[in-house]
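The primary structure of each chain is shown beneath.
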Amino acid sequence: MARTAISPFPHGAAIGPAPVSNKSPDETRAVWLDAFRRVRAETEARASHLSAEDQIVQSMADASPTKWHRAHVTWFFEQFLLVPNDSSYKIFDERFPFLFNSYYVAAGPRHARPQRGLITRPNGEDVTAYRAHVDAAVERLIETVSPANAAHVFSILEIGLHHEQQHQELLLTDILHAFAQNPTDPVYDASWQWPRLRQGPPGFVDVPAGIHSVGHDGQGYSFDNETPRHDELIPKMRIARHLVSNAEWLQFIEAGGYTSPSLWLSDGWAVVQAENWRAPGYWRRKDDGWHTMTLAGLQPVDPDLPVCHVSYYEADAFARFAGKHLPSEAEWEVAARANVIADAFGITWQWTRSAYLSYPGYRAAEGALGEYNGKFMVSQMVLRGSSLATPAGHERVSYRNFFYPPSRWQFSGVRLAEFN
Ligand SMILES: [Fe+2]
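Everything quoted here is computed from the prediction, not taken from an experiment.

*Asks:* Just to check I follow, could you spell out the overall build of the protein for this structure?
*Replies:* Scanning the protein from N- to C-terminus turns up ten helices and twelve strands. At 22 Å, the protein has a C-alpha radius of gyration in line with the 22 Å of a compact globule built from 420 residues. In terms of principal-axis extent, the alpha carbons of the protein reach across some 65 × 50 × 35 Å. Taking all 420 residues of the protein together, the buried fraction comes to 56%. Looking at the protein alone, contacts between residues at least 24 apart form 79% of all its contacts between residues at least 6 apart.

In structure tokens, the structure reads:
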């Protein structure tokens, strides 16, 4: 499967030790050291397919250069783990925090996001040296942290690892966007293939109605936005077993889906007009039919595969066209926990009709790390599941991804719901 080509992690492997662990302090250090090395190596493995020139380019404001991703995740460990917890740590380069802070206002001023692609220096080798410097310091901290401070240090380390995994996914989505702007149709990995889909009957399946607990259950890691766990009322409804396919999307196109304003939200129709959307992101019409950019380059659109690179606006319009709906994030989570849907994870993220809002009683933490999720809880929509670019072990049934409604450079797809 393609996942194994991209990720050395066994599917579903957790990053660190279980939260309630009977491991000795030395065993715990060894587990974190191993997790740290594996996550750091995965970033480099993904970047290794790319030239120095590839790693500089920023194809739009929303996407970042590979070199920036490699440095930013390193800055995260330097800023939030090393500086507060290792008094002997020396900042690698005093100019780097300005360049590689993303959006943490409390952590200081930062370079403008849309201009990340203008930074040719530090060059890639400088970033490699930065990574090595921070790697050595983090490994030293893991090995020497006092028992009294170990739990705190490992909790920040764990956030840093999950953060780096998020950027591993972005590294792929961002370089695919860059390659899609290149008339030579560059190939990221010639051996890349779509992950295998679960087989099974088509159609819709009941979601258990009633009051259900949703959100993270406290077992293992979660981001703060997955909490507090709380009750949601699930109505009588059904959810599609499978993701919407390219074949179904072609019907939408051929039926005039992109030229029928009655199918679209007003904001969505404005984007269709402004961007001249006539198909999902990266689709190109050629004499022999539709093609799409993939990590293996330009390929014919396979009607049996799930549609990918669609925005919330497109997902919503398609659902209306199909006489269906998008599930809410709670409905999706209850269905996934009940194990009634195929390909919940590892193929495409699935847009929900839920706005990205705080769960009841949520409060972001104090300080810069409190900026991680909470301050983005307006104007975006929630996606559930995970995608083919998500590092194995990073996905969770309570995971809440979120993007703005017009965004379609992620590996985002559609699962439908019906209420009658
Ligand atoms: Fe980040």
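From this point on, the discussion continues.
*Asks:* When you look at the pattern of salt bridges in this model, what are you seeing that I'm missing?
*Replies:* Oppositely charged side chains can form a pair if their charged atoms are brought close together. Tallying each qualifying case throughout the model produces 23 salt bridges. Where Glu42 meets Arg46, a salt bridge forms, and the shortest distance between an N and an O atom there is 2.8 Å. Taken together, the residues span about one helical turn, with Glu42 and Arg46 both in helix H2 (residues 25-47) at a distance of four residues. Looking at Arg46, the relative accessible area reads 1%, which means it is buried. In this structure, Glu44 and Arg131 form a salt bridge, with 2.8 Å as the shortest nitrogen-oxygen distance. Of this pair, Glu44 sits in helix H2 while Arg131 sits in helix H5 (residues 124-144); the two residues are 87 residues apart in sequence, bridging distant segments of the chain. Judged by its relative accessible area of 28%, Glu44 is partly exposed. Within the structure, one salt-bridge network assembled from shared partners comprises Arg40, Glu44, Arg70, Arg131, Asp135 and Glu164.

*Asks:* Even after reading the chapter, I still don't get the packing of aromatic side chains, so can you show me in this structure?
*Replies:* The way to describe two aromatic rings as a pair is by their centre distance and the angle between their planes. The final tally for this structure, using the stated rule, is 34 aromatic pairs. Their ring planes at 70 degrees and their centres at 5.3 Å tell us that Phe80 and Tyr104 sit as a pair that is edge-to-face. Note that Phe80 is positioned in helix H3 (residues 66-85) and Tyr104 in the loop between helix H4 (96-100) and H5, a separation of 24 residues in sequence. Exposure class is identical for Phe80 and Tyr104. Each is buried. Geometrically, the ring pair formed by Trp283 and Trp290 is tilted, given 5.5 Å between the ring centres and 50 degrees between the ring planes. Residues Trp283 and Trp290 agree in their burial class; the two are buried. Over the ring of Trp68 we find Arg116, and its NZ or CZ is 3.6 Å from the ring centre. When the ring centre of Tyr359 is taken as reference, the NZ or CZ atom of Arg400 above it lies at 4.0 Å.

*Asks:* Any chance you could explain the sheet that holds strand S9 (residues 381-384) here in plain terms?
*Replies:* Pairing between the strands of a sheet is mediated by backbone hydrogen bonds and can be parallel or antiparallel. Sheet architecture is open: four strands sit in the order S10-S9-S8-S11, paired in mixed fashion. A single partner strand is all that each edge strand has here, and the edge strands are strand S10 (401-403) and strand S11 (412-413). Pairing of S9 with S10, which is carried by three bridges, proceeds in the antiparallel orientation. Looking at S10, one finds that Leu383 is bridged to Asn401.

*Asks:* Help me understand helix H8 (residues 266-275) in this model?
*Replies:* Residues spaced three or four apart along an α-helix point in a common direction, a consequence of the helix completing one turn every 3.6 residues. Of all the positions in H8, only Gly268, Trp269, Val271 and Val272 are classed as buried. Looking down the long axis of H8, one finds its buried residues gathered within 160 degrees of arc, a one-sided arrangement. Summarising the geometry of H8, the exposed residues directed more than 90 degrees from the buried face are Ser266, Asp267 and Ala274. Contacts from the buried residues of H8 go to helix H9 (312-321). At the C-terminal side of H8, Asn276 shows a positive phi close to 55 degrees.

*Asks:* Can you walk me through the coordination of the iron ion in this structure?
*Replies:* Ideal values differ by geometry: the angle at a metal is 109.5 degrees with four tetrahedral donors, but 90 or 180 degrees with six octahedral donors. Looking at the metal site, the iron ion is ligated by His72 (NE2), His163 (NE2) and His167 (NE2), spaced 2.1 to 2.2 Å from it. Sequence spacing of the donors to the iron ion: H-x90-H-x3-H. Of the two residues, His72 sits in helix H3 while His167 sits in helix H6 (residues 147-180), which places them 95 residues apart along the sequence. Looking at His72, the relative accessible area reads 1%, which means it is buried.

*Asks:* What is the right way to read empty space enclosed by the protein from this model?
*Replies:* Over the atoms a probe the size of a water molecule is rolled, and this reveals where empty space is left. A complete count under the given rule lists three cavities of 30 Å³ or more for this structure. Space inside the largest cavity adds up to approximately 50 Å³. Residue composition of the lining of the largest cavity, by class: five nonpolar, one polar and two charged.

*Asks:* Explain helix H7 (residues 246-254) here, please?
*Replies:* All of the buried residues along H7 are Asn246, Trp249, Leu250, Phe252 and Ile253. Looking straight down H7, one finds its buried side chains confined to an arc of 155 degrees; they lie on one side. Facing away from the buried side of H7, by more than 90 degrees, are the exposed residues Gln251 and Glu254. Here the buried face of H7 lies against strand S5 (283-286), strand S6 (289-294) and H9. Backbone geometry just downstream of H7 places Gly256 in the positive-phi region, at approximately 85 degrees.

Parameters and conventions
Residues numbered from 1 in each chain as written. Predicted model: local features only at pLDDT ≥ 70, side-chain atom pairs only at ≥ 80, totals over all residues. Heavy atoms only, no water. Helix = DSSP H or I, 4+ residues; strand = E, 2+ residues; numbered from the N terminus. Rg over C-alpha atoms; globule rule 2.2 N^0.38 Å. Buried < 20%, exposed > 50% of the residue type's maximum accessible area, 1.4 Å probe, protein only. Contact = heavy atoms within 4.5 Å. Salt bridge = Lys/Arg side-chain N within 4 Å of Asp/Glu carboxyl O. Phe/Tyr/Trp six-rings, centres within 6.5 Å; stacked < 30°, edge-to-face > 60°. Lys NZ or Arg CZ within 6 Å of the ring centre and 35° of its normal. Pairing = 2+ DSSP bridges. Arc of directions from axis to C-beta. Donors = N, O, S within 2.8 Å, 3.2 Å for Na, K, Ca; no water. 1 Å grid on protein atoms, 1.4 Å probe; cavity = no way out; pocket = protein on both sides within 12 Å on 5 of 7 lines; lining within 4 Å. Points joined across faces, edges and corners; volume = space filled by probe spheres on them. Nonpolar A, V, L, I, M, F, W, Y, C, P; charged D, E, K, R; others polar.

Spatial relationships are all this shows, so hold off on functional conclusions.
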